[in-house]
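Residue strings, one per chain:
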Amino acid sequence: MPPVFIHGLDSSSQGTKARFFRAAFPDMIIRDYTGSLARRLEQLDRDLEGLDNLVLVGSSFGGLMAAIFAITDPARVKRIVLLAPALNFRDFSKYLGQHCDVPAFCYIGRHDTVTPPYLVAPAARAVFSCLTYREEDDDHLLHRVFATLPWQDLLL
């Protein structure tokens, strides 16, 4: 099963991260998501219908989507990789009481002002029991470290 990339709120399948993944991992599933969170999650459900053993990579709002997908349908998810996930957004608060055993890898910039680590880290730790959390010397977009992350290992 090829991995899946879910872009952020103001990005698209043509953004910097999507272009990186398309070049490095040509089989990766990369789609566009628009509208409200509910609409985007419906689109994601349709795109992934019938697929399992999923590796989801979500950036910012896409990280929120990947996290919610893993929480609500954990049997279909092998692992998630969250890049500065929007777990600090109000939409995630209803999931804070849930428990998810899906392996989760979270990378966030220490200088992120959109999804600040001091808000995201407690939310991720509260929900994901198998969490690997890395705070990097970077910003919200992870400009400095994104391309250097161990993608071959993360996407297995």
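In what follows, the accompanying structure is described.

Conventions used here
Residues numbered from 1 in each chain as written. Predicted model: local features only at pLDDT ≥ 70, side-chain atom pairs only at ≥ 80, totals over all residues. Heavy atoms only, no water. Salt bridge = Lys/Arg side-chain N within 4 Å of Asp/Glu carboxyl O. Buried < 20%, exposed > 50% of the residue type's maximum accessible area, 1.4 Å probe, protein only. Helix = DSSP H or I, 4+ residues; strand = E, 2+ residues; numbered from the N terminus. Lys, Arg positive; Asp, Glu negative; His and termini not counted. Contact = heavy atoms within 4.5 Å. Pairing = 2+ DSSP bridges. Axes fitted to C-alpha atoms, helices over the stretch in contact; angles between N-to-C directions.

## A closer look at the pattern of salt bridges
(1) Moving on: Per the counting criterion, the structure on display carries three salt bridges.
(2) Moving on: One salt bridge connects arginine 76 with aspartate 73, and the closest N-O pair in it is separated by 3.0 Å.
(3) Moving on: We classify arginine 76 as buried; its relative accessible area is 18%.
(4) Moving on: Judged by its relative accessible area of 25%, aspartate 73 falls in the partly exposed class.
(5) Moving on: Two residues, arginine 144 and aspartate 137, come together in a salt bridge whose shortest N-O distance is 3.2 Å.
(6) Moving on: Given a relative accessible area of 61%, arginine 144 falls into the exposed group.

## Quick word on the side chain of arginine 40
(1) Moving on: Relative to the helices and strands, arginine 40 is located in helix H2 (residues 37-47).
(2) Moving on: An unpaired buried charge is present at arginine 40: no salt bridge exists, and aspartate 10, the closest side chain of opposite charge, is 6.3 Å distant.
(3) Moving on: In this structure arginine 40 touches His7, Gly8, Leu9, Tyr33, Thr34, Gly35, Phe61 and Met65, once residues within four positions along its chain are discounted.

## A few points about the sheet that holds strand S1 (residues 4-6)
(1) Moving on: The six strands lie next to each other as S2-S1-S3-S4-S5-S6, forming an open sheet whose pairing is parallel. Of all the strands in the sheet, the pair left with one neighbour each is strand S2 (29-30) and strand S6 (131-136).
(2) Moving on: Packing of helix H3 (residues 61-72) onto the sheet brings it into contact with S1, strand S3 (54-59) and strand S4 (77-83), and relative to S3 it is tilted by some 145°.

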